[in-house]
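The chain contents come next:
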Amino acid sequence: MRKPVIVGNWKMNMTVTEARQLLEEIKAKDLDTEVKAGVCTPAIDLTVAAEILDGTNIGFGGQNMYFEESGAFTGEISPLMLTDIGATYVILGHSERRDIFGEDDALINEKVLTALDHDLIPILCCGESLEEREANKQEEKVKGQIEANLADVSEEDVKKVIIAYEPIWAIGTGKTASAEDADAMCGYIRNLIKDLYSAEAAEAIRIQYGGSVKPDNVVELMGKENIDGALVGGASLKADDFEALVNHRK
């Protein structure tokens, strides 16, 4: 049985002062321990997350990472910087990194391989635009991303990856794919992993849905067969909402 995983993606929100307050509020919540909870914070908040979440069941991680361990890469974060403070996760290939900052599939693939080499869990994002969805090309788009981003990833390592299906048209727009559409795409991704690797790998890999997930729709989404969790934006910035998401089975 795959353990559900709910991870907050704070994006470019929360100063250190704000992060400290929110993390203390989250830490005080009675969260379901049968659901894996985590937060991916801005780089400046990572050491605060490490400090406050130490000794809890809540993991934390980065929103991005470069594939080199060190060097002349101004503004980047290395895998060693994440592992040194005890990070668990790193979000890779988010549509905002792809579309705004021009990250291509080859770069994302290098990052995925590096994360796995350093025992970080990649949360690998994929998803189609509204135009691609309306043209019925969502499967084609996601297939291309998954195949390219997981190139040279072993079967043993792919089981550690979390794939986050995030239709671009539903991120931060208030629009949400129907639970049926989300489940269908997550099921498509699971079958793709089966074709690329094995039935065992497909059964092991966790697939999240992301895109305007809120307390009022999380129960329906999480009730679907192929949705193992959520990568959550805005609703992860309030402790009460984050609690509701993690405790969706209560």
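Quick caveat: nothing in here was measured; it's all calculated off a predicted structure. (Residues numbered from 1 in each chain as written. Predicted model: local features only at pLDDT ≥ 70, side-chain atom pairs only at ≥ 80, totals over all residues. Heavy atoms only, no water.)

## Points about the overall build of the protein
Applicable threshold: Per the convention used, a helix needs a DSSP run of H or I reaching at least four residues, while a strand needs a run of E reaching at least two, with both numbered from the N terminus. Note on method: radius of gyration uses C-alpha positions; expected globular size equals 2.2 Å times residues raised to 0.38. Note on definitions: a residue-residue contact is assigned when non-hydrogen atoms from the two residues lie within 4.5 Å. Note on areas: these come from Shrake-Rupley sampling with a 1.4 Å probe, and a residue is covered only by the protein chains present in the view. Charge counting follows a simple rule: Lys and Arg are positive, Asp and Glu are negative, and His as well as the terminal groups are ignored. To locate a charge, take NZ of a lysine, CZ of an arginine, CG of an aspartate or CD of a glutamate.
A count of helices and strands for the protein gives twelve helices and eight strands. The C-alpha radius of gyration of the protein comes to 17 Å, within 12% of the 18 Å expected for a compact globule of 250 residues. Summarising its shape, the C-alpha atoms of the protein cover approximately 45 × 45 × 35 Å along the three principal directions. Counting contacts in the protein only where the partners sit at least 6 residues apart, residues at least 24 apart contribute 73% of the total. Accessible surface for the protein amounts to roughly 11200 Å². Of this, 48% is attributable to carbon and sulfur atoms. Both charge centroids of the protein, one from 25 positive and one from 46 negative side chains, sit 4 Å from each other.

## Remarks on unusual backbone geometry
Among all residues except glycine, the phi angle is most often negative; among peptide bonds, the trans geometry is most common. A positive phi is found at K11, a non-glycine position, where the angle reads about 55°. Of note, K11 is situated in the loop between strand 1 (5–9) and helix 1 (16–27). Not every positive phi belongs to a glycine, and S212 is a case in point at roughly 60°. Positionally, S212 belongs in the loop between strand 7 (206–209) and helix 11 (218–222).

## A word on the pattern of salt bridges
Rules: Salt-bridge detection follows one rule: a side-chain nitrogen of Lys or Arg within 4 Å of a carboxyl oxygen of Asp or Glu.
Considering all chains together, one arrives at 19 salt bridges under this definition. Residues D240 and K29 are paired through a salt bridge, measuring 2.5 Å at the closest nitrogen-oxygen approach. On the criterion of sequence distance, the pair formed by D240 in helix 12 (residues 239–246) and K29 in the loop between helix 1 and strand 2 (36–40) is long-range, its members being 211 residues apart. With a shortest N-O distance of 3.8 Å, E156 and K159 are connected by a salt bridge. Through salt bridges with shared partners, a single network forms among R2, R190, E203 and D228.

## Here's the deal with the nonpolar core
We count it as follows: As used in this record, nonpolar core signifies buried Ala, Val, Leu, Ile, Met, Phe, Trp, Tyr and Cys residues forming a set joined through side-chain atoms within 4.5 Å. Accessible area is worked out with a 1.4 Å probe on protein chains only. A residue is then buried under 20% of its type maximum, exposed over 50%, and partly exposed in between.
Counting 67 residues, the largest nonpolar core has I6, I146 and Y209 as its most contacted members. Considering every element that reaches this core, the biggest residue donor is helix 9 (residues 179–196), with eight residues. Not counting the four nearest positions on each side in its chain, I6 is found in contact with V35, K36, A37, G38, M222, G229, A230, V232, F242, L245 and V246. Formed by eleven residues, the second largest nonpolar core is a distinct cluster that contains V5, I91, C125 and I162.

## Details of helix 1
Put simply, the rule reads: Take the number of residues in a helix, subtract one, and multiply by 1.5 Å to get its expected span. This arc corresponds to the set of directions leading from the helix axis out to the C-beta atoms.
Helix length check: helix 1, at twelve residues, gives a terminal C-alpha distance of 16 Å against a target of 16 Å (1.5 Å per residue), a fit within 8%. Those residues of helix 1 not exposed but buried are A19, L22, L23 and I26. Down the axis, helix 1 shows its buried residues gathered within 100° of arc, on one side only. Structural note: helix 1 exposes T17 and Q21 on the side pointing more than 90 degrees away from its buried face. Packed against the buried residues of helix 1 are strand 2, helix 2 (46–53), strand 3 (58–62) and helix 12.

## Thoughts on the packing of aromatic side chains
The condition that has to hold: Only centres within 6.5 Å qualify two rings of Phe, Tyr or Trp (six-membered ring in Trp) as a pair; their planes then separate them into stacked at under 30 degrees, edge-to-face at over 60, and tilted for everything else.
As enumerated under the stated definition, the model contains three aromatic pairs in all. Centroid distance Y165 to Y209: 6.2 Å. Interplanar angle 50°. Geometry classified as tilted. Of this pair, Y165 sits in strand 6 (residues 162–165) while Y209 sits in strand 7; the two residues are 44 residues apart in sequence, bridging distant segments of the chain. Through a chain of ring-to-ring contacts, the aromatic side chains of Y66, F67 and F73 assemble into a single cluster.

## Points about the layout of surface pockets
For clarity, the threshold we go by: Using a 1 Å grid laid over the protein atoms alone, points where a 1.4 Å probe fits but cannot get out form a cavity; open sets with protein on both sides within 12 Å along at least 5 of 7 lines form a pocket; any residue with an atom within 4 Å of a point counts as lining. Grid points are joined across faces, edges and corners, and a volume is the space filled by probe spheres set on the points. Three classes are used: nonpolar for Ala, Val, Leu, Ile, Met, Phe, Trp, Tyr, Cys and Pro, charged for Asp, Glu, Lys and Arg, and polar for all others, with Gly counted as polar.
By volume, the largest pocket amounts to about 520 Å³. K11, Q63, N64, R97 and F101 are, among the 20 residues lining the largest pocket, the residues nearest its centre. Residues of the lining of the largest pocket, tallied by class, amount to nine nonpolar, seven polar and four charged. Its boundaries defined by the atoms lining it, the second largest pocket holds a volume of some 240 Å³. Around the second largest pocket, the lining comprises 20 residues; the ones closest to its centre are G172, S212, V232, G233 and G234. By residue class, the composition of the lining of the second largest pocket is seven nonpolar, ten polar and three charged.

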